[in-house]
Amino acid sequence: MEASCLVTPHLMIQRPGDPAAPFEIDGVLTLGGGEADGVKVPGLAEGALAAWPSAAGIVVEARVPGIVVSERPLAPGKRRLLRKGDLARVEGLTFWSVPPAVDGTKAGTNAGTRALAGAILAGAGAPSGPHLVVLEGPRAGDRLALHDGAVLGRGRGAELHLADPLASRHHARFTIRGGRASLEDLASKNGIAVNGRHARRSQVALRSGDALAVGESLLVYHDGCPAPPAPRELLLAPGPARDGPRQPGRNRRTAMATALASGMLIALAVLLALAAVG
């Protein structure tokens, strides 16, 4: 079962010496040197790279050699989800994915930048429960919602269907207990690796951010917990630098000392006045 959270992200594209420009993607956008390409890249073959929106962001598919995503070559015919921080490069062109503009703002403006950053930090559009994000492979860009007993595999009977030729029909089973997830390899032919280590057939506890390698696919596990709120001191406007850090009770003690000193000065003035009159 796939979590349906389709949004319309932007693809930021920057040419050497030029500011980055946003391209809203509502279908398949191709980059290349052909007349039909949505983004013209001189010297590149027609339709060299394709990009389209998915539930988790923007998916890119290489159709020629020479395309690099996060410092790793993307072979022709392979797909990759562009996540926050991922940079893709081809023929001097750099591009990356950003969430859609929020509240009518436009990507690239100061207000839009703040809104987009807020959407990233808040995890806008992400499922509230445990799920997998397919980073690489035939289903790159999809989100797969997890539940207790869900089976991952390429068979039609697998709830988490993965159209990967190297995946077994019933590859792995997920267990959810008390908000914590674990997986078990169901005697798959090619196995499953968690953060590069083979899972064998025992239960393997998962933590948010763990990478699961299944056949040609790479999936990332997320527990779905909301992002923690910003510390209170970051939400309050800072005072003038000369004020320094505030200490509990300091202002009250200072006010009382000032009032006492003022009272003593007034009393002394009265006594001096009476002495002069006498």
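Looking at this model, I keep getting lost on the overall build of the chain. Mind explaining?
Scanning the chain from terminus to terminus reveals three helices and 22 strands. When each of the 278 residues of the chain is scored for burial, the buried share is 37%. The contacts of the chain with a sequence gap of at least 6 include a subset with a gap of at least 24, amounting to 40%. Accessible surface computed for the chain: about 16,500 Å², of which carbon and sulfur atoms make up 57%.

Even after reading the chapter, I still don't get the environment of valine 194, so can you show me in this structure?
Among the structural elements, valine 194 can be located in strand β18 (residues 193-194). For valine 194, a relative accessible area of 9% puts it in the buried group. Sequence separation between valine 194 and valine 204 is ten residues, and the spatial gap between their C-alpha atoms is 8.3 Å. In this structure valine 194 touches Leu183, Ala199, Val204, Leu206, Asp210, Ala211 and Leu212, once residues within four positions along its chain are discounted.

I keep staring at the pattern of salt bridges and nothing clicks. Help me out?
Oppositely charged side chains can form a pair if their charged atoms are brought close together. This model, assessed by the stated rule, comprises ten salt bridges. With a shortest N-O distance of 3.3 Å, arginine 72 and glutamate 136 are connected by a salt bridge. With arginine 72 in strand β8 (residues 72-73) and glutamate 136 in strand β12 (residues 131-136), the pair connects residues that are 64 residues apart, well separated along the chain. Glutamate 136 gets classed as buried once you look at its relative accessible area, which sits at 16%. A single network of salt bridges, built from pairs that share partners, joins Arg72, Arg80, Asp86 and Glu136.

Any chance you could explain the sheet that holds strand β10 (residues 88-90) here in plain terms?
Within a sheet, adjacent strands bond to each other through the backbone by hydrogen bonds, running parallel or antiparallel. Here we have six strands laid out as an open sheet, ordered β2-β1-β11-β10-β7-β8, and antiparallel in their pairing. In the strand order of this sheet, the two ends are held by β2 (21-24) and β8, each with one partner. As judged from the two bridges shared by strand β7 (residues 68-69) and β8, these two strands associate in the antiparallel manner. Bridge assignment links valine 69 to a residue of β8, and that residue is arginine 72.

Could you clarify how one ought to interpret the environment of isoleucine 13 in this entry?
Examined against the element boundaries, isoleucine 13 turns out to sit in strand β1 (residues 10-14). Residues within four places of isoleucine 13 in sequence aside, it is in contact with Pro19, Ala20, Ala21, Phe23, Leu31, Val39, Leu93, Thr94 and Phe95.

What exactly am I supposed to notice about the pairing of strand β3 (residues 29-32) here?
A regular strand places its side chains on the two faces of the sheet in alternate fashion. Side-chain alternation along β3 places Leu29 and Leu31 on one buried face and Thr30 and Gly32 on a second face that is also buried. Of the pairings in the sheet, the one linking β3 to strand β5 (residues 49-54) comprises three bridges and is antiparallel in character. Along β5, the bridge assignment pairs threonine 30 with alanine 50. Bridge count between β3 and strand β4 (residues 39-40): two bridges; the pairing is parallel. Within the sheet, the bridge partner assigned to leucine 31 lies in β4 and is valine 39.

It is not clear to me how the environment of leucine 81 should be interpreted in this structure. Could you clarify?
Looking at where leucine 81 falls in the secondary structure, it is placed in strand β9 (residues 79-82). Along the chain, leucine 81 and glutamate 61 lie 20 residues apart, while their C-alpha atoms are 9.0 Å from each other. Contacts of leucine 81, omitting those with residues within four sequence positions, involve Ser54, Ala56, Gly57, Ile58, Val59, Asp86, Val133, Val134, Leu135, Ala140 and Gly141.

Would you mind showing me how to read the confidence of the model for the chain here?
The predicted coordinates of low-pLDDT regions are not to be read in fine detail. When pLDDT is averaged along the chain, the result is 77, and 67% of the positions lie at 70 or above. Put simply, helix α2 (residues 232-235) is where the chain has its lowest mean pLDDT, 32, and strand β14 (residues 151-153) is where it has its highest, 97. Between residues 102-124, whose pLDDT stays under 50, and residues either more than four places distant or in other chains, the model counts 22 contacts. In this model residues 227-250 is a low-confidence stretch, pLDDT under 50, and it forms five contacts with partners more than four residues away in sequence or in other chains.

How do you make sense of the side chain of arginine 139 when you look at a structure like this?
With respect to the helices and strands, the residue arginine 139 is situated in the loop between β12 and β13 (143-145). Given a relative accessible area of 16%, arginine 139 falls into the buried group. There is a polar contact of 2.7 Å between the side chain of arginine 139 and the side chain of aspartate 142.

Quick notes on the rules
Residues numbered from 1 in each chain as written. Predicted model: local features only at pLDDT ≥ 70, side-chain atom pairs only at ≥ 80, totals over all residues. Heavy atoms only, no water. Helix = DSSP H or I, 4+ residues; strand = E, 2+ residues; numbered from the N terminus. Buried < 20%, exposed > 50% of the residue type's maximum accessible area, 1.4 Å probe, protein only. Contact = heavy atoms within 4.5 Å. Areas by Shrake-Rupley, 256 points an atom, 1.4 Å probe, with all protein chains shown as cover. Salt bridge = Lys/Arg side-chain N within 4 Å of Asp/Glu carboxyl O. Pairing = 2+ DSSP bridges. pLDDT = per-residue confidence, 0-100. Polar contact = N/O pair within 3.5 Å; in protein donor to acceptor, adjacent residues only side chain to side chain.

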